[in-house]
Amino acid sequence: MSTFFIIIFEIIVRIIIAGACAAGAYYLFRGMKNPHVIIGSIVGIAAIATTINIFIPSSYTPSNRLTFTHHLTSKQAAESRAKSSSRADDSAIRAESKSLAKAKASSKKAVAHAKAISTSKRNESIVQSLSGKKVKVGGISYEKVSMTTLTDTPEDYDGSNVQTRGTITFIQRDKSNSNMYFVVMVPKDSNTSSGYADGHGIVAQIDVDTLKDNNLTEGDDLTINGGALQNEVTVNNKTVKMSIIVDSVTVHS
């Protein structure tokens with residue numbers, strides 16, 4: 001379901017809740033022989049608060065919705081579960097193979113490790129400093145991953161909650177959703193002439209409120225938390241390997 005229809009559904013749900021609260025308040029005040037003033041007041045305030053909330057744009061971000069609070073659509077979540085199940089089966093097969101042929105398993109592990117850290121040797125320290133650690137932000141658990149790892153093995157993180165860090169190089173409004181921006185980010189690399197790790201950029205999908213509240217501009221160094229998606233975003237007619245629907249950001253000075 002697109003963001004537009006999610007918000008329309010959210011508005012309908014809020015209108016229903018506000019109407020139910022208003023009807024309940026009226027019944028508690030007028031419809032009963034012995035009115036419940038305190039309870040009726042509470043229900044009435046809930047009706048007013050829900051009505052006001054309908055007109056607050058920031059209340060429609062994924063973390064503030066009453067419905068569809070997850071950053072992935074139902075289709076994307078289903079695909080993620082299918083891929084997670086497939087990866088779990090693959091892990092079980094690899095574990096069994098290791099017990100039967102330790103030498104062969106060790107060789108596969110070395111190849112997988114070389115692919116996961118980066119195709120570029122100069123980014124090895126960055127990958128090792130971030131990979132595999134878990135953090136909690138706003139009650140949600142994220143895996144810390146370097147951008148080089150995300151772009152080298154995007155299939156390993158598709159549908160996962162991740163935290164990563166990089167520098168903004170380009171900001172473009174999403175033509176299909178006026179409430180979202182495409183923010184191109186790349187990891188730093190002091191060993192290159194540009195100062196960035198070439199070929200390891202991602203696109204962060206950041207809502208307009210988060211962008212404005214943090215005054216994000218090109219050149220900002222920031223950490224982002226959100227849901228990773230593979231081959232889901234097209235910028236300037238090019239499909240990027242990895243994008244992240246951002247839940248929150250931290251700007252580093």
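From a predicted model like this one, the values you see are computed outputs, not experimental measurements.

1. Focus on the overall build of the protein
Piece 1. Along the backbone of the protein there are seven helices and seven strands.
Piece 2. Taken from the N to the C terminus, the helices and strands of the protein come in the order α-α-α-α-α-β-β-α-β-β-β-α-β-β.
Piece 3. Residues classed as buried in the protein amount to 39% of the 253 residues present.
Piece 4. Summed over its atoms, the accessible surface of the protein is roughly 14,600 Å², and 58% of this surface lies on carbon and sulfur atoms.

2. Observations regarding the UniProt feature "transmembrane region" (unreviewed entry) in the protein
Piece 1. Taking the numbering used here, the UniProt-annotated feature "transmembrane region" (unreviewed entry) corresponds to residues 6-29 and 36-56.
Piece 2. The span residues 6-29 is 100% helix and 0% strand, and its two end C-alpha atoms sit 35 Å from each other.

3. Considering unusual backbone geometry
Piece 1. Even without being glycine, Asn215 reaches a positive phi, approximately 50°.
Piece 2. Checked against the element boundaries, Asn215 lands in the loop between α7 (208-213) and β6 (221-235).
Piece 3. Its relative accessible area of 59% is what places Asn215 among the exposed residues.
Piece 4. Positive phi, close to 55°, is recorded for Asn231, a residue that is not glycine.
Piece 5. Secondary-structure assignment places Asn231 in strand β6.
Piece 6. By relative accessible area, Asn231 is classed as partly exposed at 43%.

4. Some words on the pattern of salt bridges
Piece 1. For the structure on display, the rule yields two salt bridges.
Piece 2. Here Glu10 and Arg14 are joined by a salt bridge, their closest N and O atoms 2.9 Å apart. With Glu10 and Arg14 both in helix α1 (residues 3-31), this residue pair falls four residues apart, about one helical turn. This pair shows no difference in class: Glu10 is buried, exactly as Arg14 is.
Piece 3. Across the pair Arg165 and Asp221 runs a salt bridge whose closest N-O atoms are separated by 2.6 Å. With Arg165 in strand β3 (residues 161-173) and Asp221 in strand β6, the pair connects residues that are 56 residues apart, well separated along the chain.
Piece 4. For Asp221, a relative accessible area of 12% gives the class buried.

5. Section: a nonpolar patch on the surface
Piece 1. Taken together, the side chains of Phe4, Phe5, Ile8, Ile12 and Ile16 define a hydrophobic patch exposed on the protein surface, amounting to about 520 Å² of accessible area.
Piece 2. Following the sequence through the fold, Ile16 ends up in helix α1.
Piece 3. The class for Ile16 is exposed, based on a relative accessible area of 55%.

6. A word on the side chain of Thr151
Piece 1. The topology assignment puts Thr151 in helix α6 (residues 147-152).
Piece 2. At 3.0 Å, the side chain of Thr151 forms a polar contact with the backbone oxygen of Met147.
Piece 3. Of note is the side chain of Thr151, whose polar atom sits 3.2 Å from the backbone oxygen of Thr148.
Piece 4. Filtering out sequence-adjacent residues up to four positions away, Thr151 remains in contact with Gly199, His200, Gly201, Ile202 and Lys241.

7. Details of the pairing of strand β7 (residues 238-252)
Piece 1. As paired strands, strand β5 (residues 202-207) and β7 are joined by three bridges and run parallel to one another. Along β7, the bridge assignment pairs Gln205 with Ile245.
Piece 2. A loop of two residues connects β6 with β7, the two strands running antiparallel in sequence, and Asn236 in this loop sits at a positive phi of about 55°.

8. Remarks on the environment of Thr148
Piece 1. Within the secondary structure, Thr148 sits in helix α6.
Piece 2. On the basis of relative accessibility, which here comes to 1%, the residue Thr148 falls in the buried class.
Piece 3. Sequence separation of Thr148 and Thr164 is 16 residues, and the distance between their C-alpha atoms is 9.8 Å.
Piece 4. Here Ser146 takes part through its side chain, which lies 2.8 Å from a polar atom of the side chain of Thr148.

Conventions we followed
- Residues numbered from 1 in each chain as written.
- Predicted model: local features only at pLDDT ≥ 70, side-chain atom pairs only at ≥ 80, totals over all residues.
- Heavy atoms only, no water.
- Helix = DSSP H or I, 4+ residues; strand = E, 2+ residues; numbered from the N terminus.
- Buried < 20%, exposed > 50% of the residue type's maximum accessible area, 1.4 Å probe, protein only.
- Areas by Shrake-Rupley, 256 points an atom, 1.4 Å probe, with all protein chains shown as cover.
- UniProt positions renumbered as here; feature names shortened; annotations may be inferred.
- Salt bridge = Lys/Arg side-chain N within 4 Å of Asp/Glu carboxyl O.
- Patch = residues over 30% accessible without salt bridge, like charges linked within 9 Å, V, L, I, M, F, W, Y side chains within 5 Å.
- Polar contact = N/O pair within 3.5 Å; in protein donor to acceptor, adjacent residues only side chain to side chain.
- Contact = heavy atoms within 4.5 Å.
- Pairing = 2+ DSSP bridges.

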